[in-house]
Amino acid sequence: GTMLLSGPVMKELQLDEYGNIVTSKGGENKRAASGNEDRGLVVASIVRTVIEDEPYLIFGGRLLNNDVAFVDGLKQVLYGAMAGEDGSAAGTATIFLRNLRVSTNVIDEAGKRAVGTVVSLPVERAVLRDGKVYRAQATVVGRRFFTAYRPLVDVLGDRAGILYVGVPEDTYRAPQRVVAQGLR
């Protein structure tokens, strides 16, 4: 399941240097709090085992904050080698801790991963407040996408974050334009 670790727990586990997210303000990100997010979002599992007749619980987890391998792997599984009309990646994936992007392959205007930005208010309300899957066309860092957002529920049943996947509209509009031009 998913776990949300507090800042002090992140520090105690010596994960604070890996999981710290600097939030950014401005543009679509006016609602972001200034500063740092010190909590961590972890995908974890617990396995019961017996060693020499003694029961043990073995805990394992993966910190998702700043984990580009996770979102890039997800993108590869979902979209493979597909590319957009302009040669860019065909799809994107993001992990949000609550409403804050903590791991992503969405690229911002500066050419960097858009970590530290927040999800739009309609998505936040639908997914985090209401617990619904949100599917719509949306502008993601200045580009139109077909998107889907799903709540990430922690082991206590609380909505701890959001999983986002999206495909640029132009990836699917280009074949339509080619067919339309061929019919003229």
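Scroll up for the structure.
Note that this is a predicted model, so its numbers are computed, not measured. (Residues numbered from 1 in each chain as written. Predicted model: local features only at pLDDT ≥ 70, side-chain atom pairs only at ≥ 80, totals over all residues. Heavy atoms only, no water.)

> Describe the overall build of the protein chain, with residues and values.
Within the protein chain, the regular secondary structure consists of 5 helices and 10 strands. Buried residues in the protein chain amount to 36% of all 184 residues. Taking the contacts inside the protein chain whose residues are at least 6 apart along the sequence as the reference set, 53% of them involve residues at least 24 apart. Here the protein chain displays about 10700 Å² of accessible surface, and carbon together with sulfur accounts for 54% of that area. (Helix = DSSP H or I, 4+ residues; strand = E, 2+ residues; numbered from the N terminus. Buried < 20%, exposed > 50% of the residue type's maximum accessible area, 1.4 Å probe, protein only. Contact = heavy atoms within 4.5 Å. Areas by Shrake-Rupley, 256 points an atom, 1.4 Å probe, with all protein chains shown as cover.)

> So what about the pairing of strand S4 (residues 40-51)? Which residues, and what values?
With 4 bridges joining them, strand S1 (residues 2-5) and S4 adopt antiparallel strand pairing. In the strand pairing of S4, Leu 4 is matched with Leu 41. Here 10 bridges tie S4 to strand S5 (residues 54-63), and the two strands are oriented antiparallel to one another. Paired with Ala 44 across the bridge in S5 is Gly 61. If you look at the hairpin formed by S4 and S5, you'll find 2 residues sitting between the two strands, and Glu 52 has a positive phi there, around 50°. (Pairing = 2+ DSSP bridges.)

> Before we move on, could you go through the sheet that holds S5 and cite the residues and values that matter?
Reading across the sheet, the 3 strands line up as S1-S4-S5 and stay open at both edges, with antiparallel pairing between neighbours. Looking at which strands have only one partner, the edges of the open sheet turn out to be S1 and S5. Each strand of the sheet is rotated relative to its neighbour by a mean of 40°, with strand direction disregarded. (Axes fitted to C-alpha atoms, helices over the stretch in contact; angles between N-to-C directions.)

> I'd like a description of unusual backbone geometry, backed by residues and values.
Phi is positive for Asn 66, close to 60°, though the residue is something other than glycine. Tracing the chain through its elements places Asn 66 in the loop between S5 and helix H3 (68-79). Of note in the backbone geometry, Arg 98 takes a positive phi value of approximately 55° without being a glycine. By secondary structure assignment, the location of Arg 98 is in the loop between strand S6 (92-97) and strand S7 (100-104).

> Any chance you could break down the sheet that holds strand S9 (residues 143-153) for me, citing the residues and the numbers?
Two modes of strand pairing occur in sheets, parallel and antiparallel, and in both the strands are linked by backbone hydrogen bonds. Within the open sheet, the 5 strands sit side by side as S7-S6-S10-S9-S8. Their pairing is antiparallel. Strands with a single pairing partner mark the edges of an open sheet, and in this sheet they are S7 and strand S8 (134-140). This sheet shows a mean twist of 35° between the axes of neighbouring strands, independent of strand direction. With 4 bridges connecting them, S6 and S7 associate as antiparallel partners. Of the residues in S7, the one forming a bridge with Leu 97 is Leu 100.

> Residues and numbers for the packing of aromatic side chains, please.
For the structure shown, the criterion picks out 3 aromatic pairs. Here a set of aromatic residues connected by ring pairs shows up, and it is made of Phe 96, Tyr 134, Tyr 149 and Tyr 164. (Phe/Tyr/Trp six-rings, centres within 6.5 Å; stacked < 30°, edge-to-face > 60°.)

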